[in-house]
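Fold and geometry: a report
Next come the chains, spelled out residue by residue.
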Amino acid sequence: LVRHVYPHVGDVPIATFTLDDAERVMESLPAKSGSGGRGLESNSRRQVAQLLGRVMALSVYPLRLREATPIPRGWLPKKGDEKALVWLFPDEDAQLLCCTSIPLGYRVLYGFLAREGPRVGEALALTKADVDLQRGVLTLDENKTNDPRMWALGQEVIKGLARWGERWRAPQLFDVGVELADDHLADKLRDHLRLAGVDRPALFERSKARRPLRVHDLRATFVTLALAHGRTEMWVSDR
């Protein structure tokens, strides 16, 4: 909403929002421009359209701000082909985390995401109060699925966060004075991988079949390694 909708229709009252307004949002989305373009993929464009449809549906019920939604059936862009997922191998993860040319705050974040599996936004919202290092427990009350959960941290993560705790001073666990939550965190991760000497082509390839590694793919790294180490799919799903 903040990035793609409000800049174009943020001042339009819900009750008078029209299909033309929805079209204006979609036309403003950055288009792909060749294999190196920074525009939105077809599935990301569809997600924006779904968001508009969801807001309009809520405005009809339960909010009762209008009689019907202006967005017709069949308006959503078609779903694009799924692209191959990519993840870091353990040796690549080690290279990344050992590279002292990369600011420590980034390395702690990357290592935490790959080992504990939260979404990036969930990790960035964590505070000191959410992490009980004495008992080795993390509490995640606010998350995308509104499903409060608590779990035991890995022993190596407990040790790492304890060392990290000697340095952090801000309320946020990963607020270290750098723009960790900016829109180009994926670019930053890939830059850091190159800096660490990790150059596997699949991590950087952008094509019809593949997209370059994203920070969210550290979550895929967590899932892949958990399954490889004998964790069940139910365990992964619960986490």
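Presented here is a report on the structure given in the accompanying data block. Predicted model only: the values in this text are computed from it and were never measured.

Reading guide: rules and limits
- Residues numbered from 1 in each chain as written.
- Predicted model: local features only at pLDDT ≥ 70, side-chain atom pairs only at ≥ 80, totals over all residues.
- Heavy atoms only, no water.
- Helix = DSSP H or I, 4+ residues; strand = E, 2+ residues; numbered from the N terminus.
- Buried < 20%, exposed > 50% of the residue type's maximum accessible area, 1.4 Å probe, protein only.
- Contact = heavy atoms within 4.5 Å.
- Phe/Tyr/Trp six-rings, centres within 6.5 Å; stacked < 30°, edge-to-face > 60°.
- Lys NZ or Arg CZ within 6 Å of the ring centre and 35° of its normal.

Right, let's talk about unusual backbone geometry for a bit. With the exception of glycine, most residues fall at negative phi, and the peptide bonds are largely trans. A cis amide bond, omega 15 degrees, links Tyr61 with the succeeding residue Pro62. Mapped onto the fold, Pro62 is located in the loop between helix 3 (42–60) and helix 4 (90–98). The backbone of Arg64 shows a phi angle near 55 degrees, a positive value even though the residue is not glycine. Here Arg64 shows up in the loop between helix 3 and helix 4. Exposure remark for Arg64: the relative accessible area of 64% places this residue in the exposed category.

Further remarks concern the side chain of His192. Topologically, His192 is positioned in helix 8 (residues 185–195). Beyond its immediate chain neighbours, meaning those up to four positions away, His192 contacts Leu96, Ile102, Pro103, Tyr106 and Tyr110.

Scanning all chains against the criterion turns up four aromatic pairs. Look at Phe112 and Phe174: their rings are 5.3 Å apart centre to centre, the planes differ by 50 degrees, and that puts the pair in the tilted class. Separated by 62 residues along the polypeptide, Phe112 in helix 5 (residues 104–116) and Phe174 in the loop between helix 7 (155–165) and helix 8 bring together distant segments of the chain. Judged on exposure class, the residue Phe112 and its partner Phe174 are both buried. In this arrangement the basic side chain of Arg231 is found over the ring face of Trp235, its NZ or CZ atom lying 4.2 Å from the centre.

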